[in-house]
Amino acid sequence: MTKISEMPVVGRDFISNLKLPSFEKMAWTKPSPANKRRVSIVSTAAISKRNDRPFSWLAKDHRVIHKTDRDLVMTHVAVEFDRSAWQQDLNVIFPLDRLTEMEADHEIGSLADEHYSFMGAADPVTMEKSAREVAARMKDEGVDTVFLIPI
Amino acid sequence: MLVGFVREHIEAIGPARALFLDFPMGRGMGKPNDPDFQKRVIRAAFKLFEKTSGPVLEDFPETIPVLQGRMGYALPPELVLNADDIGDVDELVASVSKEMDALRNDYEAAVLSRGRTTVGASQLRIDDLAPFIAQFVRGEFPKSPRKGLPAIPLLKLAVEDLEAYYTETRTYRDKIDNLELIGSWFWENTSAGRLLLSLEAVSLVSSDRVMLQIVEMSLMAPRFWSNGPLPGSSAAGW
């Protein structure tokens, strides 16, 4: 396992000094049965449809990606994570095809129509308004399972 | 359900259900073009829904090793250009152009094969990327040709488009999935990499606060995982 203490100095210092959010109460919800789940992905990769507005460097907002969208670009400000993998295969960061297959195989109930992308370099505390908008859209389309995938 | 790469952070935050992935950053489902591996990650994550109380944090049993604790490619700290070392920028741009022409057939084949490309976030033409970047290397501050996006944010997207053009081509042409090899090839062995290191050198002595911030925060050249900050900077931007 890669421990923070084993990381090179610049990255280690940055990651060690991040102020982490704390929560008074853990949100524990009872899951739906596997074959009834409606799943939506939330990514921090700052990906968006090609003609969407690029994310600003400390963006508080989000972009919506439909389950059929594949022509996506990334406007994340940070460069410390590997981009060569997603260049080869979108599913390595945003597994729409895998979840579509799992829907067909009845491993999940359904893949939601809408999925969401945020700028992972920004402070999540500033995203509350946007997060609430996303939650409302998810409720509107019956999403009961959120798959959070950082970059 | 959360998956994540930094176990200590997941422990500290305590989400209801989380799966720790011992992978390089940028590879949440592990391996590109490996649907079986990707589904094993998803199934392991979703299996945590069977737990009746939490918080739950489990480790995905398969790992993808990283090099010396770094979660992505990093430039060698000693590979730094000085603004005085840049030389003739026109010659450098011509060399990049020649390099890009040599890659073009394979780039187009890669796009055809994959049915997509990630190049184009800047919305500049591929042939305009290097000349646009070169203006900054010469110390000019061109007006942004893209409405609603200032020149420096556009510059950053142009840098990423240029790199993606090369790396999409190489991963396809040579069937390579090795982030260290791809990173060292582009940044240490191509004229495009040298153009971007020249841009870094110019930015480091720039009077423009944002240009300086880009290098101080390793937002252009990959130095976040280097064994030490960029010489001449303190990495204090972070």
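Residues numbered from 1 in each chain as written. Chains lettered and ligands numbered in written order. Predicted model: local features only at pLDDT ≥ 70, side-chain atom pairs only at ≥ 80, totals over all residues.

(A) Layout of the overall build of chain A. Helix and strand counts for chain A stand at 4 helices and 7 strands. Walking chain A from its N terminus toward its C terminus, one meets helices and strands in the order α-β-β-β-β-α-α-β-β-α-β. The C-alpha atoms of chain A give 16 Å as radius of gyration, which agrees with the globular expectation for 151 residues (15 Å, within 12%). By principal-axis analysis of the C-alpha atoms, chain A measures approximately 45 × 40 × 35 Å. Looking at chain A residue by residue over its 151 residues, the buried ones come to 43%. (Helix = DSSP H or I, 4+ residues; strand = E, 2+ residues; numbered from the N terminus. Rg over C-alpha atoms; globule rule 2.2 N^0.38 Å. Buried ≥ 20, exposed ≤ 12 C-beta atoms within 10 Å, placed from the backbone.)

(B) Structural view of the interface of chain A and chain B. Contacts between the two partners involve 50 residues from chain A, matched on the other side by 64 residues from chain B. Contributions of two or more residues to the side of chain A that touches chain B are made by α1 (9-16), β4 (72-74), α2 (84-88), α3 (96-104) and β7 (145-149) of chain A. (Contact = placed C-beta atoms within 7 Å.)

(C) Representation of the packing of helix α4 (residues 126-137) of chain B against helix α5 (residues 151-173) of chain B. Residues and elements named next belong to chain B. Orientation of α4 relative to α5, taken along the N-to-C sense of each, is 130°, at an axis distance of 9 Å. Overall, the two elements α4 and α5 adopt an arrangement that is oblique. Here the hand of the crossing between α4 and α5 comes out left-handed. On α5, the residues touching I126, L129, A130, F132, I133 and F136 of α4 are L155, A158, V159, D161, L162 and Y165. Of the residues that constitute the contact of α4 with α5, the class distribution is 11 nonpolar, no polar and 1 charged. (Axes fitted to C-alpha atoms, helices over the stretch in contact; angles between N-to-C directions. Parallel < 35°, antiparallel > 145°, perpendicular 65-115°, else oblique. Left-handed = near helix turned anticlockwise from the far one by under 90°. Nonpolar A, V, L, I, M, F, W, Y, C, P; charged D, E, K, R; others polar.)

(D) Quick look at the nonpolar core. Counting 102 residues, the largest nonpolar core has A:I93, B:I133 and B:A158 as its most contacted members. A per-element tally of this core places α5(B) first, with 9 residues. Counting only domains with at least three residues in this core, you end up with domain 1 (2-59) and domain 2 (83-216) of chain B. Ignoring any residue separated from it by four or fewer positions in sequence, one finds B:I133 in contact with B:L155, B:A158, B:V159, B:L162, B:L195 and B:L199. (Core = buried A, V, L, I, M, F, W, Y, C linked by C-beta atoms within 7 Å. Domains from an automatic or database assignment.)

(E) Broad picture of unusual backbone geometry. Following B:G54, the chain continues into B:P55 via a peptide bond in cis, with omega recorded as 10°. Relative to the helices and strands, B:P55 resides in the loop between α2 (35-47) and β3 (56-59). Although it is not a glycine, A:H106 adopts a positive phi angle of roughly 60°. Residue A:H106 is classed as exposed on the basis of its 9 C-beta neighbours within 10 Å. Backbone geometry places B:Q123, a non-glycine residue, at a positive phi of 65°.

(F) Focus on helix α7 (residues 191-204) of chain B. Residues and elements named next belong to chain B. Its 14 residues give α7 an end-to-end C-alpha distance of 20 Å, which sits within 8% of 20 Å, the value for a rise of 1.5 Å per residue. Across the 14 residues of α7, 11 count as buried, placing the element largely inside the fold. Among all positions in α7, only A192, G193, L195, L196, L197, S198, L199, E200, A201, S203 and L204 are buried. On its buried face, α7 sits against α3 (89-114), α4, α5, α6 (179-189) and α8 (209-216). (Expected span 1.5 Å × (residues − 1).)

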